[in-house]
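Residue-level structural notes
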There are 2 protein chains.
Amino acid sequence: MTNIDALPSWNDGAAKTAILDFVSRVTNEGGQDYVAPEKRIATFDNDGTLWSEQPYYFQVDFALDQIKALAPQHPEWSDKEPFKSVISGDIKAVLSGGLPALVELVIATHSGMTTEEFDVLAREWLASKRHSKTNRLFTEMVFQPMLELLTYLRASGFKTFIVSGGGIEFMRAFAEIAYGVPPEQVIGSSGKLKFEMRADGPVLTKLSEIAVIDDNVEKPTVIQNHIGRRPIASFGNSDGDLQMLQWTTAGNGPSFAMLVHHTDDAREWAYDRTSPIGQLDKALDEASARGWTVADMRKDWRRIFPFD
Amino acid sequence: MTNIDALPSWNDGAAKTAILDFVSRVTNEGGQDYVAPEKRIATFDNDGTLWSEQPYYFQVDFALDQIKALAPQHPEWSDKEPFKSVISGDIKAVLSGGLPALVELVIATHSGMTTEEFDVLAREWLASKRHSKTNRLFTEMVFQPMLELLTYLRASGFKTFIVSGGGIEFMRAFAEIAYGVPPEQVIGSSGKLKFEMRADGPVLTKLSEIAVIDDNVEKPTVIQNHIGRRPIASFGNSDGDLQMLQWTTAGNGPSFAMLVHHTDDAREWAYDRTSPIGQLDKALDEASARGWTVADMRKDWRRIFPFD
C-alpha cells in the first residue's frame with residue numbers, strides 16, 4: 001500500500017489501526033496470514049452499519065408512504081391495524097406493534113407488482129423523500145468512514161457484499177450508486193417470486209410469501225447460499241449481526257469482525273442495549289470478550305455523513 | 001478484439017458467427033447495441049450445457065455411491081425403494097421412479113451433515129469416481145467449446161454465472177477449477193440450512209427440506225434473487241432452460257439465447273425430444289420460431305471434450 005491515508009474520515013485509534021493491520025496482513029504475499037484475492041470476501045450489514053436507521057428503518061418509511069399512497073384502493077385498511085394507524089399518521093402506534101406490524105406493512109407494499117415496477121417505485125422514492133430530522137435524501141445518510149472502508153477493501157482485492165435484514169430489491173435500488181456494490185453482491189430479506197408469461201412477455205411478480213428474513217441465525221445460511229464461501233471480514237452494528245460475525249471468525253485463517261457503535265447523539269444517534277431499533281447488547285458483550293473491533297462513532301469517526 | 005480465434009473448437013458456421021457477432025456488438029463502445037460491462041451478465045445451465053448428463057445426471061451417480069456407502073447405517077433402506085434398488089445395483093429400477101425417486105436419493109445423501117463435511121465428500125468423489133462409458137473423471141467430461149466460450153465472454157467483460165438444476169454445493173465443489181466460475185456465481189437447487197452453535201464453534205447443517213429446485217419457471221426467479229439483473233446472454237440445452245432463455249431475451253436491449261443440441265452419438269450422445277434426461281422439445285421449437293442460436297454438437301463442435 002502507499003502512504004496515502006485510505007481512511008481519512010477515521011481518527012487514529014484502535015479501530016483504524018486494527019483495520020489497516022488486518023488488510024496489511026492478508027494482502028502481504030508470502031506472509032503467514034496471506035489470503036488469496038478470491039477468498040477476500042467481506043460482508044456488511046446495511047441498516048445502522050452503512051447508513052442510519054433511526055428513528056426507524058428507512059425502508060419502513062418507504063412502506064409507510066406506499067401504504068398512504070395505496071390507501072384509496074384499500075378501504076378495508078381504514079379499520080385494520082397497523083394500516084389504520086399508518087393512514088392516520090400515528091407512527092408511534094404503528095411502532096408499538098413491533099416487528100410483526102412492520103413486516104405486515106412491508107409485505108403489503110412489496111408484493112402484488114412485478115420486480116421492475118417495484119424497482120421504479122423504490123428509485124422514485126429514494127430520489128425524492130427526505131429524512132424527518134436531517135432533511136436529507138436517505139441515500140445521503142450513508143456513513144463516510146464506511147464508504148472509505150468499502151473502497152479501501154475493494155482496492156485491496158476484496159469483494160464486498162451487503163448482507164442485511166433489509167429487502168433485497170429495495171437495497172439493490174440504491175446500493176450500486178451509494179456504495180459501489182452491484183446487485184449480485186446485495187443479499188437481503190426477500191419474498192417469493194413467480195414467473196408469469198403475459199401477452200407482452202414474461203414478468204416476475206412479487207408474492208406476499210416471505211422467502212427469507214436475512215437476520216440473526218439466517219445471516220450465515222444466506223451467506224452460504226449466495227456466496228458459498230465464508231467471509232474473512234464482517235461488519236455489523238446490532239445483535240442481528242452476531243451470528244454473521246461468529247461465522248466469519250470461526251474460519252481457519254485470519255478474520256476480522258467489527259461493530260459500529262452508535263455513540264454520537266450530536267452528529268447521529270446514540271443507542272445500544274435497549275434500543276428497539278438496532279439493539280446492540282449480546283454482540284457488544286461478545287465483541288468485548290473476543291476482542292472484536294468496535295468503532296465508536298463519536299470517537300473514531302472524524303466525519304459521519306458525506307455532507308458533514 | 002484481436003484476430004486470434006477465441007473459439008478454436010467451434011467450426012465456422014451460423015452458431016459461431018452468431019456468438020462472435022453478438023459479443024462484438026455489445027462491446028462496441030459507441031455502437032447502438034453497446035452494453036456497459038456491469039450489465040454483461042451471462043448465465044449457463046450446467047448438466048448437458050457445460051458437461052455431459054448421460055446416461056443420467058452425474059450428481060445422481062454421486063448420490064448412488066453415497067447411498068451404497070451409507071447403507072450399513074440404514075438397515076431400513078433394504079426394504080424401501082428407491083434405496084433397495086440402489087443397493088442391489090438395479091439402476092434401471094431406480095430410474096423408473098423418475099424425478100421423485102432421484103430427488104429422494106439426493107435429499108438422503110445431501111443432508112444430515114455440515115456444509116463443510118459435504119464439500120469434502122463431493123470433492124473426494126469428483127477426484128476419484130470415473131464415468132462408466134468414458135472411464136474419465138466427470139470433471140474431464142466438460143465441453144471444450146463451452147470452456148472457450150466462458151473464457152471468451154469473461155475476456156469480453158462478461159460476468160459468467162451457472163444457473164442449474166444441479167445442487168448448488170455439489171457444483172461449487174468443482175466449478176471454480178473446471179469452469180473458472182467462483183462459488184458466488186454458482187446458483188443451483190438447494191436445501192435449507194441451519195446455523196448451529198456447537199462446542200467447538202458454529203456450523204451450518206444441511207437439512208432435508210428443499211429450498212428451491214432451480215429449473216423451469218424457477219430459473220428466472222433464482223436469477224433475480226441471486227443476480228438481481230436480467231442476463232443479456234443465456235445458454236441451455238433442455239426444456240428446463242426455456243424460461244431462462246425467455247427471460248433473458250425479454251429485456252429491452254440486445255440479448256442472446258443459445259441451446260446446445262446433443263446430436264453426436266459417436267463422440268458424446270444424441271438425444272432430444274423424448275429423452276428422459278435433458279429433454280429438448282418445446283425449447284427447440286421456440287428456438288426455431290424465435291431465431292435463437294442452436295449449437296449442433298456434431299456439426300458445430302470440432303472437439304467435444306478437452307481429452308478428445
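Keep in mind it's a predicted model, so treat the numbers as computed, not measured.

Some details on the packing of helix H2 (residues 58-70) of chain A against helix H5 (residues 98-109) of chain A
All names here are of chain A. Look at H2 against H5: their axes get within 9 Å of each other, and the N-to-C directions meet at 60°. By the angle between their directions, the pair H2 and H5 is classed as oblique. H5 is crossed by H2, and the crossing has left-handed handedness. Facing Gln59, Val60, Ala63, Leu64, Gln66, Ile67 and Leu70 of H2, the residues of H5 in contact are Leu102, Leu105, Val106, Ala108 and Thr109.

Here we look at the pairing of strand E4 (residues 201-212) of chain B
Looking along a regular strand, one sees the side chains alternate between the two faces of the sheet. Residue and element names in this part refer to chain B. Summarising the sheet, strand E3 (residues 186-198) and E4 pair through eight bridges and their orientation is antiparallel. By the bridge assignment for E4, leucine 193 is matched with lysine 206. Hairpin connection, E3 to E4: the antiparallel pair is bridged by two residues.

Concerning the side chain of Glu184(B)
Of note, Glu184(B) is situated in the loop between helix H9 (175-179) and E3. Engagement of the side chain of Glu184(B) in a polar contact is seen with the side chain of Lys159(A), the distance being 2.8 Å. Apart from the residues lying within four places of it in its own chain, the contact partners of Glu184(B) are Ile41(A), Lys159(A), Phe161(A), His226(A), Ile227(A), Arg229(A) and Phe161(B).

Side note on the interface of chain A and chain B
Counting residues at the interface gives 36 residues for chain A and 36 residues for chain B. Counting each side, the surface lost to burial between chain A and chain B is near 2,900 Å², with a carbon and sulfur contribution of 54%. The three residues of chain A that bury the most area against chain B are Glu184(A), Phe195(A) and Asn225(A), which together make up 21% of that side's buried surface. Counting across the chain A and chain B interface gives eight salt bridges. Taking the shortest distance from any N to any O, the salt bridge between Glu176(B) and Arg229(A) comes out at 3.1 Å. Taken together, chain A and chain B are joined by 20 residue pairs in polar contact (both at pLDDT 80 or more). Going through the elements one at a time, helix H6 (115-126), strand E2 (159-167), helix H8 (168-172), strand E3 (186-198), strand E4 (201-212), helix H10 (218-226) and helix H11 (242-248) of chain A are the ones with two or more residues in the side of chain A that touches chain B.

Considerations on H6(A)
In an α-helix there are 3.6 residues to a turn, and that puts residues three or four apart on one side. Between its first and last C-alpha atoms H6(A) spans 16 Å; for 12 residues at 1.5 Å apiece the expected length is 16 Å, and the two agree. By the burial criterion, the buried members of H6(A) are Thr115(A), Phe118(A), Ala122(A), Trp125(A) and Leu126(A). The buried residues of H6(A) all sit within an arc of 95° when viewed along its axis, so they share a single face. Buried positions along H6(A) lie against H2, H5, H8, E3 and E4 of chain A together with helix H10 (218-226) of chain B.

So, the environment of Lys133(B)
Residues and elements named next belong to chain B. Inspection of the secondary structure assignment puts lysine 133 in the loop between helix H6 (115-126) and helix H7 (144-155). Judged by relative accessible area, which is 47%, lysine 133 ranks as partly exposed. Measuring from C-alpha to C-alpha, the distance between lysine 133 and proline 55 comes to 8.9 Å, with 78 residues separating the pair along the chain. Excluding its chain neighbours within four sequence positions, the residues that come into contact with lysine 133 are Asp265, Glu268 and Trp269. Looking at lysine 133, its side chain comes within polar contact range of the main-chain oxygen of glutamate 268, at 3.0 Å.

What to know about the confidence of the model for chain A
Taken as a whole, chain A shows an average pLDDT of 96; of its residues, 99% reach a score of 70 or greater. Scored as a complex, the prediction yields pTM 0.97 and ipTM 0.96.

Describing the relation of the copies chain A and chain B
Note on the identical chains: chain A maps onto chain B by a rotation of 180° and an axial translation of 0.0 Å, with an RMSD of 0.0 Å. This pairing of chains is accounted for by a two-fold axis. Among all residues of chain A, the minimum C-alpha distance to the rotation axis is found for His226(A), at 3.3 Å. Comparing interface residues between copies, 100% of those in chain A also lie at the interface in chain B; the contact surface is shared.

Observations regarding the packing of aromatic side chains
The description of an aromatic ring pair uses the distance of the two centres, along with the angle that the planes make with each other. Residue and element names in this part refer to chain A. All chains considered together, the criterion is met by 38 aromatic pairs over all chains. With centroids separated by 4.9 Å and ring planes inclined at 10°, the aromatic side chains of tryptophan 125 and phenylalanine 138 adopt a geometry described as stacked. On the criterion of sequence distance, the pair formed by tryptophan 125 in helix H6 and phenylalanine 138 in the loop between H6 and helix H7 (144-155) is long-range, its members being 13 residues apart. Residue classification places phenylalanine 138 among the buried positions, given a relative accessible area of 2%. Seen from their ring centres, phenylalanine 170 and phenylalanine 174 are 6.0 Å apart, and the 75° between their planes marks the pair as edge-to-face. The same class applies to phenylalanine 170 as to phenylalanine 174, namely buried. Through a chain of ring-to-ring contacts, the aromatic side chains of Trp51, Phe58, Phe62, Phe118, Trp125, Phe138, Phe170, Phe174 and Tyr179 assemble into a single cluster.

A few points about unusual backbone geometry
Residue and element names in this part refer to chain A. Omega for the bond connecting glutamine 54 with proline 55 falls within 30 degrees of zero, at 0°, which places this linkage in the cis form. Its location among the elements puts proline 55 in the loop between strand E1 (41-44) and H2. The phi angle at asparagine 135 is positive, at roughly 60°, despite the residue not being glycine. Along the chain, the position of asparagine 135 falls in the loop between H6 and H7.

Comments concerning the sheet that holds E4(B)
Residue and element names in this part refer to chain B. Taken together, the seven strands give an open sheet; going across it, the order is E4-E3-E2-E1-E5-E6-E7, and neighbouring strands pair in mixed fashion. Strands with a single pairing partner mark the edges of an open sheet, and in this sheet they are E4 and strand E7 (293-296). Adjacent strand axes in the sheet meet at a mean angle of 30° when their direction is disregarded. Sheet topology note: the strand E2 (residues 159-167)/E3 ladder contains three bridges and is parallel. Residue pairing across strands places isoleucine 162 opposite valine 186, the latter belonging to E3.

Definitions and cut-offs
- Residues numbered from 1 in each chain as written.
- Chains lettered and ligands numbered in written order.
- Predicted model: local features only at pLDDT ≥ 70, side-chain atom pairs only at ≥ 80, totals over all residues.
- Heavy atoms only, no water.
- Axes fitted to C-alpha atoms, helices over the stretch in contact; angles between N-to-C directions.
- Helix = DSSP H or I, 4+ residues; strand = E, 2+ residues; numbered from the N terminus.
- Parallel < 35°, antiparallel > 145°, perpendicular 65-115°, else oblique.
- Left-handed = near helix turned anticlockwise from the far one by under 90°.
- Contact = heavy atoms within 4.5 Å.
- Pairing = 2+ DSSP bridges.
- Polar contact = N/O pair within 3.5 Å; in protein donor to acceptor, adjacent residues only side chain to side chain.
- Buried area = accessible area lost by both parts, 1.4 Å probe.
- Salt bridge = Lys/Arg side-chain N within 4 Å of Asp/Glu carboxyl O.
- Expected span 1.5 Å × (residues − 1).
- Buried < 20%, exposed > 50% of the residue type's maximum accessible area, 1.4 Å probe, protein only.
- Arc of directions from axis to C-beta.
- pLDDT = per-residue confidence, 0-100.
- Least-squares fit on C-alpha atoms with pLDDT ≥ 70 in both.
- Phe/Tyr/Trp six-rings, centres within 6.5 Å; stacked < 30°, edge-to-face > 60°.

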